[in-house]
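# Breakdown of the fold
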Amino acid sequence: MFVDQVKVNIKAGKGGNGIVAFRREKYVPNGGPAGGDGGHGGNIIFSVDTGMNTLMDFRYRRKFKADNGADGGNKKMTGRSAEDLIVYVPEGTTIYNNENDKVICDLVNKDDRFVVAKGGRGGRGNVHFASAKNSAPEISENGEPGEEKSIRLELKVLADVGLVGFPSVGKSTLLSAITSSKPKIAEYHFTTLVPNLGMVRLDNGKDFVVADLPGLIEGASSGTGLGFQFLRHVERTRVILHLVDMSGTEGRNPIDDFNKINNELAQYDDNILSRPQIVVATKMDMPDSAKNLEEFKTHLSDIDVNPVKVMPISSVTHSGLKDLIITTSNLLDETPKFPEQQEYDDSVEYDYDESDEKPFEISRDDYGDWILSGNRIEKLFQMTDTTHEQSMLRFARQLRGMGVDDELRKAGAKNGDQVSILDFTFTFMD
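Since the model is a prediction, treat every value here as computed from it, not as a measurement. (Residues numbered from 1 in each chain as written. Predicted model: local features only at pLDDT ≥ 70, side-chain atom pairs only at ≥ 80, totals over all residues. Heavy atoms only, no water.)

Across its full length, the chain carries eight helices and 18 strands. Among the 430 residues that make up the chain, the fraction classed as buried is 48%. Across the chain, every contact between residues at least 6 apart in sequence was considered, and the portion connecting residues at least 24 apart equals 71%. Surface summary for the chain: the accessible area is close to 21900 Å², and the carbon and sulfur share equals 46%. (Helix = DSSP H or I, 4+ residues; strand = E, 2+ residues; numbered from the N terminus. Buried < 20%, exposed > 50% of the residue type's maximum accessible area, 1.4 Å probe, protein only. Contact = heavy atoms within 4.5 Å. Areas by Shrake-Rupley, 256 points an atom, 1.4 Å probe, with all protein chains shown as cover.)

A separate point is the packing of aromatic side chains. For the coordinates displayed, the defined rule picks out five aromatic pairs. A ring pair is formed by Phe-381 and Phe-395, whose centres lie 5.8 Å apart and whose planes are at 55°; its orientation type is tilted. In this pair, Phe-381 sits in helix α6 (residues 375-382) while Phe-395 sits in helix α7 (residues 389-402), placing the two residues 14 residues apart along the sequence. Note on Phe-381: relative accessible area 9%, which makes it buried. Taken together, the aromatic side chains of Phe-381, Phe-395, Phe-424 and Phe-426 make up a single cluster linked through ring pairs. (Phe/Tyr/Trp six-rings, centres within 6.5 Å; stacked < 30°, edge-to-face > 60°.)

For the rest of this paragraph, the subject is empty space enclosed by the protein. By the definition in use, this model includes three cavities of 30 Å³ or more. Lining the largest cavity, in full, are Ile-178, Phe-208, Val-210, Leu-241, Leu-324, Ile-325 and Thr-328. At the level of elements, β11 (207-212) and α4 (321-334) are the ones that each hand at least two residues to the lining of the largest cavity. No other element matches α4, which puts three residues into the lining of the largest cavity. (1 Å grid on protein atoms, 1.4 Å probe; cavity = no way out; pocket = protein on both sides within 12 Å on 5 of 7 lines; lining within 4 Å. Points joined across faces, edges and corners; volume = space filled by probe spheres on them.)

Counting residues in hydrophobic clusters, the biggest one holds 35 residues, and the most contacted among them are Leu-174, Phe-208, Leu-241 and Leu-324. At the level of secondary structure, the elements contributing two or more residues to this core comprise β9 (161-164), α1 (171-178), β11, β12 (239-245), α2 (254-268), β13 (277-282) and α4. The biggest single contributor to this core is α4, with five residues. Look past the residues within four positions of Leu-241 in its chain and what remains in contact with it is Val-161, Gly-162, Leu-163, Val-164, Ile-278, Val-280, Leu-324 and Thr-328. (Core = buried A, V, L, I, M, F, W, Y, C linked by side-chain atoms within 4.5 Å.)

Now for the confidence of the model for the chain. Averaged over all residues, the pLDDT of the chain equals 84, while 86% of them reach at least 70. Considering only residues more than four positions removed or in separate chains, one finds that residues 219-228, a stretch of pLDDT under 50, has 21 contacts. (pLDDT = per-residue confidence, 0-100.)

So, on to the pairing of strand β8 (residues 148-155). Of all eight residues in β8, seven are buried; the element is thus mostly enclosed. The pairing of strand β5 (residues 93-97) with β8 spans five bridges and is antiparallel. Bridge pairing in β8 links Ile-95 to Leu-153. (Pairing = 2+ DSSP bridges.)

Put into structure tokens, the structure is as follows:
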């Protein structure tokens, strides 16, 4: 089964906890703090696997979680860092953040890989908190939580040439005639339900990949028919072979077909029409095809979208196929790769600057208790070791430094009010 779009949830590993420990060796009664740091949590890395050609595997596994780092040990020993979790995807996979629909990365080459979710750093042991005023601190940090994201994977086939057109114009027949591919061919519409790929090899050693896409109909860009879910595969093609049926057996006008398909392509992404387009006049072995072709050429000059060339063929008799292949190959040599529909900047997506976000927000629940929320303050709490009093006092100082006390007073908090952060509740003291 061909699967080209799927949503998954990923969670990087949490960092290991730092610990509170002291040297307790013979003849060293006051050895000082010796708590080690936690190990780094595992990253989640997406990498290209050239042997994959579908996202079918993700239909059965929608959640990926990396391992957590190990806790620190005594004698200043750092916990073991977790192995990164590598998730393999086919060439041509684009990864989107499902919450804001922004592109995280685009994996198109065989060696491409990207850290999509970063593992948390290990918490610091009490050895880092020793000072002249506190030579035996009972303070340590829990590991930083790993990044958690909901993402969408979209596979866009890596083809040099895309075959587009109405259903039953001969796309699959052409693909089978010029490549060794064996797509399903039948005398009814929407025979092709998934993109088919084929390799065209020329006598001079050159080759290029052709994609036969499911037939488009009017309204495809807005979701009608099968076309919408496969239009994304046209984005990576450099040359478009626009097949138009000249036989008239379907009762349609060739020039109207040409205009409707181009309109659907423009509605989906107007940049698609900027790439070279060859009109392939198909079924020229039929009786009325020659006359219809002349009428088509007459009206073609009145259209804004002018193709590079109009080339008549018959996939049944193989007439015109050699010229079509050579022309397409020469056009590919002159045509660079086109940029993606949406550019992305990995520094914006990956190296997120928390300073742009409010450190906390204050709200009240139905019982009148105060609730502190926000990524920064919640992460600060999650990294606080609540089992030691000194760690909790340090957390209280951090809240005061962030301005939480002042904001609670401004909001109307009074002595004895309950304040919650995640699943932890404490009493506000003015």
